[in-house]
Amino acid sequence: MNAPQPPSAFIPANLPEPGYAELAHLPGPPPPRIHMLKVISFLKDPLGQSLHMANTYGRVFRRKDFGGWGVSLIGPEANELVLFNKDRVFSSALGWNPVLERLFPRGLMLMDFEAHRVHRKALSVAFKTGPMQHYLGGLLDGMARNTADWNTRGRFQFYPAIKALTLDLAATSFLGVPWGPDAGQVNTAFMDMVLASVAPVRTPLPFTQMRRGVKGRRFLSAFFAAEIPRRRGKPGDDIFSQICNATTEAGALLTDQEIIDHMNFLMMAAHDTITSSLTSMVHFLTRHPEWQERLRAEVQGIEARHGGLTYAALAEMEETEMVFKEALRLIPPVPAMPRRALRAFTFMGHHIPAGSQVGLNIMVSHRLPEIWPDPERFDPLRFTPENSKNRHKYAWIPFGGGAHMCLGLHFAHMQVKAFVYTVLRNQRITTDPGYACDFQMFPIPRPKDGLPVRVEPL
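Source: prediction; values computed, not measured. Position labels on residues start from 1 in each chain and follow its written sequence. Local features in a predicted model are, by the rule used here, given only for residues with pLDDT of at least 70; side-chain atom pairs are given and counted only at 80 or more, and totals for whole chains, interfaces and linings are based on all residues. Side-chain measures were taken over the full set of non-hydrogen atoms in the model, leaving aside hydrogen atoms and water.

## Describing the pairing of strand 5 (residues 336–341)
- For strand 5, a buried count of 5 out of 6 residues is recorded, marking the element as mostly surrounded by other parts of the structure.
- Note on pairing: two strands pair once DSSP finds at least 2 bridges between them. Here a helix means four or more residues in a row that DSSP labels H or I, a strand means two or more in a row labelled E, and each is numbered from the N terminus. Strand direction decides the pairing type here: strand 3 (residues 90–91) and strand 5, joined by 2 bridges, are antiparallel. Bridged to Ser-91 within strand 5 is Arg-340.
- In the sheet, strand 5 pairs with strand 8 (residues 357–361) via 5 bridges, with the strands oriented antiparallel. Within strand 8, the residue paired with Arg-339 across the bridge is Val-358. Exposure classes here rest on a 1.4 Å probe applied to the protein chains alone. A residue is buried below 20% of its type maximum, exposed above 50%, and partly exposed in between.

## Focus: the packing of helix 10 (residues 209–231) against helix 12 (residues 256–287)
- For the pair helix 10 and helix 12, interaxial distance at closest approach is 9 Å and the crossing angle is 125 degrees. Here helix 12 runs oblique to helix 10, going by the angle between their axes. Crossing hand, helix 10 versus helix 12: right-handed. Counting all contacts with helix 10, which are made through Arg-217, Leu-220, Ser-221, Phe-224, Ala-225 and Ile-228, the residues of helix 12 involved are Asp-256, Gln-257, Ile-259, Ile-260, Asp-261, Met-263, Asn-264 and Met-267.
- Each residue is assigned to one of three groups, with Ala, Val, Leu, Ile, Met, Phe, Trp, Tyr, Cys and Pro labelled nonpolar, Asp, Glu, Lys and Arg labelled charged, and all others, Gly among them, labelled polar. Considering only residue class, the contact of helix 10 with helix 12 consists of 8 nonpolar, 3 polar and 3 charged. Angles here are taken between N-to-C directions and fall from 0 to 180 degrees, while the axes themselves are lines fitted to C-alpha atoms, restricted in helices to the stretch in contact. In these notes the angle categories are as follows: under 35 degrees is roughly parallel, over 145 is roughly antiparallel, 65 to 115 is roughly perpendicular, and the rest is oblique. A clockwise turn of the near helix away from the far one marks a right-handed crossing, whereas an anticlockwise turn of less than a right angle marks a left-handed crossing. Residue contacts are counted whenever heavy atoms from the two residues lie within 4.5 Å of one another.

## Side note on the nonpolar core
- The nonpolar core is taken to be a set of buried Ala, Val, Leu, Ile, Met, Phe, Trp, Tyr and Cys residues, with the residues joined through side-chain atoms within 4.5 Å. Judged by nonpolar contacts, the single largest core of 111 residues is most densely connected at Trp-150, Phe-174, Phe-224, Met-263, Met-281 and Phe-419.
- Of all the elements, helix 12 adds the most residues to this core, at 14 residues.
- Contact partners of Trp-150, with chain neighbours within four places excluded, come to Phe-156, Phe-158, Ala-161, Ile-162, Leu-165, Phe-419, Val-423 and Val-455.
- Of all hydrophobic cores here, the second largest spans 21 residues; its members include Val-82, Phe-90, Phe-345 and Ile-362.

## Re the pattern of salt bridges
- Salt bridge, as used here, is a side-chain nitrogen of Lys or Arg placed within 4 Å of a carboxyl oxygen of Asp or Glu. In the structure shown here, the tally under the stated rule is 30 salt bridges.
- Among the salt bridges present, the one from Lys-121 reaches Glu-249, with a minimum N-O distance of 3.3 Å. Here Lys-121, found in helix 6 (residues 113–123), pairs with Glu-249, found in the loop between helix 11 (239–244) and helix 12; they are 128 residues apart in sequence, far enough to count as distant.
- Here Asp-168 makes a salt bridge to Arg-145, at a shortest N to O gap of 2.9 Å. In this pair, Asp-168 sits in helix 8 (residues 158–175) while Arg-145 sits in helix 7 (residues 129–147), placing the two residues 23 residues apart along the sequence.
- The network of salt bridges with shared partners includes Glu-114, Arg-117, Lys-121 and Glu-249.

## Some thoughts on the packing of helix 12 against helix 13 (residues 289–306)
- One can describe the packing of helix 12 onto helix 13 by two numbers: an axis separation of 5 Å at closest approach and a directional angle of 110 degrees. When the axis of helix 12 is compared with that of helix 13, the two are roughly perpendicular. Of helix 13, the residues touching helix 12 (which contributes Met-281, Leu-285, Thr-286 and Arg-287) are Pro-289, Trp-291, Gln-292 and Leu-295.
- Partitioning the contact of helix 12 with helix 13 into residue classes produces 5 nonpolar, 2 polar and 1 charged.

See the structure below:
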């Protein structure tokens, strides 16, 4: 398993790279006169631009971004086709590589087919019930410690506060030890890597975001490399120790480089996406205080019945689950999912050639009015069992689907429930009257002003 990605019979050699001429038969805009201006315009308002394209051209259209010409697919049928990937037409690795390969190479999402299956099975040991029960205690302790002074801060920016909190929680759950003096540099490295993933300049030239991202990866790789020898052959309940001692089906340990690559990717996926998701959820809870009251009643009921949040009691937080799902419908932490077509295929009567970059636009799919009536309205009741039972399985996909379904899905839900239990049980979160939050949607959604809030004791 030393090779970055073993050859696969499903990945043809010399895959073509269709351009405008090969995609001209599809609905879509003409070639932009100045490509970089088009990219910058999209990054300023990706949701608005995406909705305009879908309303103008339909559920299948060509578009050009910093990766070149590609095809956008909209809707649950498209999501199922690409994510379930029954005929192995779509490559996740070749889809994400233009965005992530320089910064998060050989991460789980950048693997396909057999290599992906083998690595995912090896890594899954870290997310089984036993380790998850252990992580919950660390999450609750860390949240109580880090949020203890929030109700004395007055007005503060929620996004950097929750980012610092989730980084601290990542240290506990992923490494089992505090970050120590490297915490600030770790945070900066992760932020630089994520921002570099969609930077218009794709070469790490001096003074560019890509250069900062590459330097961030170098720092984190050295950080993890120094820790691996201390974890090999020693029991540990944290995710890093679990991965250092995980074995493949053949009984082989992962190599040091494989562990480094997986830790870089998993930390990014767990830290930045949960930061975004909790921020989105709190944003909607401040706009809809009646839902704060409902969640508070839910966690106070758990406190009364169990004396605290136990692992078994997580399943009782049904309304918290509904609020979380509705927040991620409106602001998915990964707004789009790229793939590359290994062979030509047809969808909704459109022929799409082999080699095409194919993107699932989750922001738009989550706003189709025939599936989500009054789609901009925040309504967690969309996710009651009764309202969900006839909805297409792939209508809601913030965690992906199929073989590449997020490995840390249940860990993310557990973090959110631990946060709600800790912060909302005896407090409320408010914003200034008339306040409106504007989110930057790419690469991972975050509020442009940090989301200023107050946490007030009841």
